[in-house]
Amino acid sequence: MSARATARPFPTAHSVLGNLLSLLVAGLVIVPMGLLLVRLLHPTTAVWIQLWETILPLMIRNTFLLMMGVGVITFSLGSGLAWLVTVYRFPGQRFFDWALVLPLAVPTYVMGFVYMATFDFAGPVQTTLRAWFGADLVFPNVRSGTGAILVMGLTLYPYVYFLARAAFREQSSLTFDAARAMGYSHTQTFLKLVLPMARPSLVAGVTLASLEAMTDFATVRFFNFPTISEGIVHVWQGMMNRDAAIELAAVFLLVALGLVMLERALRGRSRYYQHGARDGRTGGRITPVVLGGWRRWAATGACFLVFAAAFALPAARLALWTVGDLSRAATATALRTVYTGYVLRTFGLAAVAAVVAVGLALVLAQNARLPEHKMGRITARLATMGYAVPGAVIAAGVLITLAGVDRSIATAARWIGFNSSLLLTASIVGLIYAYVVRFMAVAYNSVESSMDKVTPQMDMAARTLGASPRQVLWRIHLPMVKIGLAAGAALVFVDVMKELPATVLLMPFGMETLSVWTYMLAAESLWESAALPALTIVVVGLLPVLLLMRVGRLTTAEERSA
Amino acid sequence: MTESVDRVAEKVISLVGVTKRYGDVTAAHDVTFDVYAGEFLVLLGPSGCGKSTLLRLLCGLDSVDAGRIERNGTVLSGESVCVPPEARGISLVFQDNALFPHMTVWNNVAFGLANQPKEAVAERVAEMLDLVRLRDVATRYPHELSGGQQQRVALARALAPKPSIVLLDEPFSDLDRSLRIGLREEVRAVLRSTGTAAILVTHDQEEALALGDRIAVQNDGRIEQVATPEALFGDPASRFVAEFIGATDFLAGEIASNGILTEIGALQQETDAPIGTAVEVAVRPDDVTLSPDPAAAATVVSRSFNGMSNIYRIRLPSGAFVHSLQPHTLSLADGTAVRVKVEPGHKLAYFPNHGGSP
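Caption draft 1: Structural detail: the overall build of chain A. When helices and strands are counted, chain A shows 25 helices and 2 strands. For chain A, buried positions account for 48% of its 562 residues.

Below, the structure written as structure tokens:
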């Protein structure tokens, strides 16, 4: 019997404590969702009748179309481009290999308003075309579902691209060569072998992209294509009907959970392991094919087109607008003060959320680490389900949770003679809470994957060399996982900075972040002014993307749903 | 180590009636043995026999359900006692070496010397690294070393705090064969030079016979026999031990007045069972001689050539098989009829035959 198979927890109290702590963390995440679902049991009939008779059918249809469309586009672009850069060699291949991930740094709503501003009736493209061809030129309506789907597909394809690229690289050349030897062409091999083998990664990537599309409310609002996310924000803020918004969120939560289950079903239990590419014993990576003739330029062209449309042009556009905005000296000083305020608020919030999320993730991962801790892994899975839940839904759940806590506090306070009504609900506690619920999976996966390197045997070795459990944590675990912790914190930080729906719904007065600022300005078509905060978000967002590319893996996307 | 020296020497570790259950599985069943000062004891058994459980119990990673573990007379594990691993003075070396990847070789070795003055630590680490001949790689990180070097660092790390005993959990099984043999000789020599007692856990009988001062054979949670390699080989206490050590065949036989009757003749040896008792005799390839004889009823089934010798697999008239070790010069084709004799020149072990076919 190997030590690995028989490894069991130490006979100490710390595993019990660990279980309790993880349950507590999982509870923090589950309670908001649970309370939402409870709401479904006694719906407000009048609200529902009204919603059904007015906007709800359209919103459901749009949400469905959006997710399908984004799924198809991200799948095609993501897997196709990944195939190109992995298997073929053409001019620029090495650059595009990593550059095609960069759109990950651009939030959908930023991409949305840049495209809106560029292609809408008053934008430069249509203006120019009218100048050339006359005023009665027919141009497809940009503010449409098609526009929204295209823009989001273009922004979200890197989720699939990155995972597909990693999956293709892991595939052994042996399988590939075997298929080629049996007379398959490159394309046939790709369609019949490589794609099916990468199915778990592809399904995970498409699901992540669809979930991102589902959580978005700003882009679809720009494009006049109301989805359920948009509906929740609209009912909550526009109609000031929080109860209706909460009920809508509860239904949406069911949809999201259904999607996650669908993903698990589609992905199957299969993980198609392949020996070879990793350990170098049986065959290496697929041998790249050097393209010749028109094909090489077609490949370069395809990559360039996507890169330009999804990243280079929008980034350039933002940069130009920003320069234009800043060059108006009259506003420069005032703007600097305002800008600094937004940056500090945003970074402060993001930093707090990142530290809290990573701290809690550490508790979860410590407890889920040892192979026999089934309970620990179940709690960890529950605690990380927030990644699948749209921001607006989490905001609704957090709101009713904290409102309940506030009521209890108020009752207690009245009893001792104080008056407190909205202690938590109206503070940044709610916002931080929502961020932690939403991005726990991001933090957890970073922490967990770095903790994988700490084997149970290292614990035992350290213990028998005189280290107490606490010293093992300080001398072995923390030093070994600190890079994972930092990476997790950086990812959460950036995700918080980009987050919009929960922020819009829960931010206390005067706590607007860069993302909210961008959204507000863009919603009023103040493109130039919106460019500065948007560019800030993109630039900061690039850092972890580049970092992850350097490390060679994108833990967020790769393992969020693993 | 002879029996007399053995018994005089000081006991470092004693296990008395140690029992451990995991659910329905009894991983250690009434385990009793001692390890003496400076002794190299091998704990040998097939996968899943409970060897690793004993290691975990020894170093305090698990508590015992019954029995006790003592070190120099002090109870480490027992009823309501479980001294934590860090206070036991027992070190571990693992198969996967479990070196701390974020520390240099030097710091790995120094890990167990946390509470000592700096100069003492430096002196001890240097001494340990000299011992395993790795002084020149002290500033490297574990991943920059070869597998054999890593295992030597692990040994140095385990020895640095001067433990009463070192537990080696299959430390050589991840290594290439050529490296393995050299390394295990070296480990043995290092332990001998420091006079540290050790328990080596392995499933490799050849390794056990080559290294152990004594070998404890474990099967299904129980210790079947604790003895010197020679005693274990020559006088196995149970059928399991005989089967597990040295490719043994079993021949059905019956106790007679002057020995044991088998289908290939009578074995002249003293017995202490009643005449007529059905037994199984443990026969090893080196006990079996053969000569080609067209009239004989046994035939060669196959031959495995390993350089210095041939081992023949032979079918007896009853359908039973025995193996015979022959010089490489004797080459017989499959199907050759051979006359088989058992001429051990020593007593053969035999066990009651409980109605099983041979």
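From this point, things continue past the structure.
Caption draft 2: Molecular detail of the overall build of chain B. Looking only at helices and strands, one finds 9 helices and 21 strands in chain B. Along the three orthogonal principal directions, the C-alpha set of chain B runs to about 80 × 45 × 40 Å. Taking all 358 residues of chain B together, 43% fall into the buried category. When contacts within chain B are restricted to residue pairs at least 6 apart in sequence, those whose partners lie at least 24 apart make up 65%.

Caption draft 3: Spotlight on the environment of valine 85 of chain A. Residues and elements named next belong to chain A. Among the secondary structure elements, valine 85 is positioned in helix α4 (residues 56-87). By the C-beta count within 10 Å, which is 25 here, valine 85 ends up buried. Residues valine 85 and phenylalanine 95, spaced 10 residues apart in sequence, show a C-alpha to C-alpha distance of 9.5 Å. With residues near it in sequence (within four places) discarded, valine 85 still touches Gln93, Phe96, Asp97 and Arg165.

Caption draft 4: Representation of the interface of chain B and chain A. The partner chain A presents 23 residues to the 30 residues of chain B that form the contact. Contributions of two or more residues to the side of chain B that touches chain A are made by α2 (51-58) and β7 (90-93) of chain B. Among the elements that make up the side of chain B that touches chain A, the one with the highest residue count is α2 of chain B (4 residues). Grouping the constituent residues of the side of chain B that touches chain A by class yields 14 nonpolar, 9 polar and 7 charged.

Caption draft 5: Local environment of the sheet that holds strand β18 (residues 309-315) of chain B. All names here are of chain B. Within the open sheet, the 5 strands sit side by side as β16-β20-β17-β18-β19. Their pairing is antiparallel. Sheet topology places β16 (288-292) and β19 (321-327) at the edges, where each strand pairs with a single neighbour. Direction aside, the axes of adjacent strands within the sheet are offset by 40 degrees on average. One ladder, built from 7 bridges, connects β18 with β19; its direction is antiparallel. Paired with isoleucine 311 across the two strands is leucine 325, which belongs to β19.

Caption draft 6: Seen up close, the nonpolar core. Of all hydrophobic cores here, the largest spans 164 residues; its most connected members are Ile232, Ala249, Ala357, Ala361, Ala396, Met440 and Val492 of chain A. The dominant element in this core, judged by the number of residues it contributes, is helix α8 (residues 145-170) of chain A, at 15 residues. Here isoleucine 232 of chain A is in contact with Ala245, Leu248, Ala249, Phe252, Ala392 and Ala396 of chain A, once residues within four sequence places are set aside. Counting 105 residues, the second largest nonpolar core, distinct from the first, contains Ala28, Val125, Ile215 and Ile264 of chain B.

Caption draft 7: Molecular detail of the sheet that holds strand β5 (residues 74-78) of chain B. Residue and element names in this part refer to chain B. Spatially, the 5 strands line up as an open sheet ordered β2-β1-β4-β5-β6, and their pairing is antiparallel. Two strands close off the open sheet at either side, each with one partner strand: β2 (25-36) and β6 (81-82). In this sheet, β5 lies alongside strand β4 (residues 66-71) in antiparallel orientation, the contact comprising 3 bridges. The residue of β5 that forms the bridge with arginine 71 is threonine 74. Here α2 sits on the sheet in contact with β1 (11-22), β2, β4 and β5, set at roughly 65 degrees to β2.

Caption draft 8: Region of interest: the packing of α4 of chain A against α8 of chain A. Residue and element names in this part refer to chain A. Following both chains from N to C, one finds α4 and α8 inclined at 40 degrees, their axes separated by 5 Å at the closest point. The orientation of α4 relative to α8 falls into the category oblique. Between α4 and α8 lies a crossing whose hand is right-handed. Across the contact of α4 with α8, the residue classes break down as 20 nonpolar, 8 polar and 2 charged.

Caption draft 9: Representation of the domain arrangement of chain B. Residues and elements named next belong to chain B. Domains assigned within chain B are domain 1 (3-89 + 163-243) and domain 2 (247-352). Relative to domain 2, the C-alpha centre of domain 1 lies at a distance of 34 Å. Between domain 1 and domain 2, the contact holds 6 residues from the first and 6 residues from the second. If you tally residues by element for the side of domain 1 that touches domain 2, the top one is helix α9 (residues 239-244), at 3 residues. Of the residues contributing to the side of domain 1 that touches domain 2, the split by class is 2 nonpolar, 1 polar and 3 charged.

Caption draft 10: How the structure looks around unusual backbone geometry. Residues and elements named next belong to chain B. Backbone geometry places asparagine 97, a non-glycine residue, at a positive phi of 60 degrees. Relative to the elements of secondary structure, asparagine 97 occurs in the loop between β7 and α3 (105-110). Phi at arginine 133 is positive, roughly 60 degrees, even though this residue is not glycine. Relative to the elements of secondary structure, arginine 133 occurs in the loop between α4 (118-131) and α5 (147-159).

Caption draft 11: Representation of the pairing of strand β10 (residues 214-219) of chain B. All names here are of chain B. In terms of burial, β10 is a largely internal element, 6 of the 6 residues being buried. By the alternation rule, side chains of β10 split into Arg214, Ala216 and Gln218 and Ile215, Val217 and Asn219, which are all buried. Here 4 bridges tie strand β3 (residues 40-44) to β10, and the two strands are oriented parallel to one another. Considered in β10, the bridge of leucine 43 is made with alanine 216. Both β10 and strand β11 (residues 222-227) contribute to a ladder of 5 bridges, which runs antiparallel. Note on β11: the bridge partner recorded for isoleucine 215 is alanine 227.

Caption draft 12: Quick look at the pairing of strand β12 (residues 249-256) of chain B. All names here are of chain B. In this sheet, strand β15 (residues 278-283) lies alongside β12 in antiparallel orientation, the contact comprising 6 bridges. Its bridge partner lying in β15, phenylalanine 250 is registered against alanine 282. Where β12 folds back on strand β13 (residues 259-262), the antiparallel hairpin that results is connected by 2 residues.

Caption draft 13: Broad picture of α5 of chain B. Residue and element names in this part refer to chain B. Taking 1.5 Å of rise per residue, 13 residues should cover 18 Å, and α5 covers 19 Å from first to last C-alpha, within 8% of that figure. Within α5, 10 of the 13 residues are buried, leaving the element largely enclosed by the surrounding structure. Considered for burial, the residues of α5 that qualify are Gln150, Gln151, Arg152, Val153, Ala154, Leu155, Ala156, Arg157, Ala158 and Leu159. For α5, the elements touching its buried residues are β7, α3, α4, β8 (165-169) and α6 (177-194).

The rules behind the values
- Residues numbered from 1 in each chain as written.
- Chains lettered and ligands numbered in written order.
- Predicted model: local features only at pLDDT ≥ 70, side-chain atom pairs only at ≥ 80, totals over all residues.
- Helix = DSSP H or I, 4+ residues; strand = E, 2+ residues; numbered from the N terminus.
- Buried ≥ 20, exposed ≤ 12 C-beta atoms within 10 Å, placed from the backbone.
- Contact = placed C-beta atoms within 7 Å.
- Nonpolar A, V, L, I, M, F, W, Y, C, P; charged D, E, K, R; others polar.
- Pairing = 2+ DSSP bridges.
- Axes fitted to C-alpha atoms, helices over the stretch in contact; angles between N-to-C directions.
- Core = buried A, V, L, I, M, F, W, Y, C linked by C-beta atoms within 7 Å.
- Parallel < 35°, antiparallel > 145°, perpendicular 65-115°, else oblique.
- Left-handed = near helix turned anticlockwise from the far one by under 90°.
- Domains from an automatic or database assignment.
- Expected span 1.5 Å × (residues − 1).

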